[in-house]
Amino acid sequence: MGNEDRNGRKISLERAEELKGYYQELSGIEKGTDSSSVSRYEEQKRKLLSLLGGEEKDWKDWKWQVKHRIDDVDDLAKILKLTHEEKEEIRRCGEENRFAITPYYLALINPEDKKDPIRRLCIPDSLEMMAEGEADPMAEEFTSPAGVVTRRYPDRLIINVTNACAMFCRHCQRRRKIGGSDQDATKEQLEESFEYIRNNPEIREVLVTGGDALMLEDEQLEFIFSSLRSIPTVEVIRIGSRVLVTLPMRINDRFLEMIEKYHPIYLNTHFNHPREVTPEAIEACAALSKAGVPMGNQMVLLRGVNDDKHVVHLLNREILKARVRPYYMFHAKNVSGTTHLGVSIDEGLAIMEYLRGRASGMLIPTYAVNAPGGLGKIPMLPQYIVEKTSEKIVLRTWEGKLVEYPM
Ligand SMILES: *Cc1c(COP(=O)(O)O)cnc(C)c1O
């Protein structure tokens, strides 16, 4: 090695040491694959199977899971340790905004921890009764040009194929739609939506969502996918579904064989916490990936669940290992009954600031706020542009160093 090379290597080694100093061990946050989580889950699963009179093979059957959802406080009290006051609170709040939890998801709750993030995501809370917020801040009622379409963008749109979900998330932004009963879009509504897409050839991508699109039967889904594929201008189909998180057994062989006929199909899901990334969820992701379905994640930033930069970092590491790419981190909208779960934009920006540079770019989602009035998603970034003139731009690096760049 020449002198110059040696010097280069010395500087590089010093820089590598400095970079190591930024490395963050994410220990102390429990994950769904930790042996503590897995054994607690097994114990709760055993209790639930005995309460519901089911066997191992029932547990793996998505229809059994949906049929045996827990929507009764007395059943809940047999699985979680609830005081009389807590039971009354859940009963009262559940009457206003219904709850239903798959046995699988309920088994993920740590019954010893009243502040458990999984519990916060699915059990009614008296704070939901606060009067703040709006029913429909995204004005979805005014963005449906036909059938069950929601259109907010030039080249893509949503079709809401059902209002059913495997579980009712406490932070649901469409809770006005889930109030009463489960309703699938009718064949007429679907036909009208396909007709609209056919007549508007600039629509290149169709998001099949709800509710949760994968609550439909395979036959209903096949009707939707084959109809969309009969429209030559539709290039990409995107499924919106939380079943990977709340009902991973929905991803069965029959379903996988069916969707392989309609590629390219993408699926965006909704993991919020590393404890949701369980062996079952990972298996479902692997099966989808093997069937050729690229996956993305749309987390929602929520108080007491994931309002912590290390939790978000770990969550994104866990899902990336399961081949799910972080896509959006949503700022929670001001929906009535969910405002107690909101996190400030400053806190969201601080999480983005922490991630950039410290974490692989593969782990970094777009932080987005949904514009009021249904005007679309707006990305939010910490300020990296310090100064800009017609000649030059002054930028800030992830470490906070200022650099100059010609325009
Ligand atoms: C979120 C959304 C989309 C998808 O937006 P992307 O930025 O492409 O993920 C499309 N249509 C509607 C109505 C939406 O709300």
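Residues numbered from 1 in each chain as written. Predicted model: local features only at pLDDT ≥ 70, side-chain atom pairs only at ≥ 80, totals over all residues. Heavy atoms only, no water.

A look at the domain arrangement of the protein
Turning to step 1, where the next piece is worked out: Domain parsing of the protein yields domain 1 (35-129), domain 2 (140-379) and domain 3 (381-407).
Turning to step 2, where the next piece is worked out: Taking only C-alpha atoms, the centre of domain 1 and the centre of domain 3 are 50 Å apart. (Domains from an automatic or database assignment.)

Quick look at the nonpolar core
Turning to step 1, where the next piece is worked out: Leu-76, Tyr-105, Ile-159, Val-208, Ile-224, Phe-225 and Leu-288 are the most contacted members of the largest nonpolar core, which has 110 residues in total.
Turning to step 2, where the next piece is worked out: Domain assignment of the residues forming this core places at least three in each of domain 1 (35-129) and domain 2 (140-379).
Turning to step 3, where the next piece is worked out: Other than its neighbours up to four places away in sequence, Phe-225 contacts Val-208, Ile-237, Ile-239, Met-258, Ile-259, Tyr-262 and Ile-265. (Core = buried A, V, L, I, M, F, W, Y, C linked by side-chain atoms within 4.5 Å. Buried < 20%, exposed > 50% of the residue type's maximum accessible area, 1.4 Å probe, protein only. Contact = heavy atoms within 4.5 Å.)

What to know about helix H6 (residues 84-96)
Turning to step 1, where the next piece is worked out: In this model, H6 (13 residues) spans 19 Å end to end at C-alpha, consistent with the 18 Å of a helix rising 1.5 Å per residue.
Turning to step 2, where the next piece is worked out: Those residues of H6 that fall on the buried side of the exposure criterion are Glu-86, Ile-90, Cys-93 and Gly-94. Along H6, the residues classed as buried sweep out an arc of 100° about the axis, all on the same side. Facing away from the buried surface of H6 by more than 90 degrees, the exposed residues are His-84, Glu-85, Glu-95 and Glu-96.
Turning to step 3, where the next piece is worked out: Those residues of H6 that are buried lie in contact with helix H5 (73-79) and helix H8 (117-122). (Helix = DSSP H or I, 4+ residues; strand = E, 2+ residues; numbered from the N terminus. Expected span 1.5 Å × (residues − 1). Arc of directions from axis to C-beta.)

What about the sheet that holds strand S9 (residues 377-379)?
Turning to step 1, where the next piece is worked out: Strand order in the open sheet made by the nine strands is S1-S2-S3-S4-S5-S6-S7-S8-S9, with mixed pairing throughout. In this open sheet, the two edge strands, each paired with only one partner strand, are strand S1 (149-150) and S9.
Turning to step 2, where the next piece is worked out: Relative to S9, strand S8 (residues 366-370) runs antiparallel, the two being bridged by three bridges. If you follow Ala-368 over to S9, its bridge partner there is Pro-379. (Pairing = 2+ DSSP bridges.)

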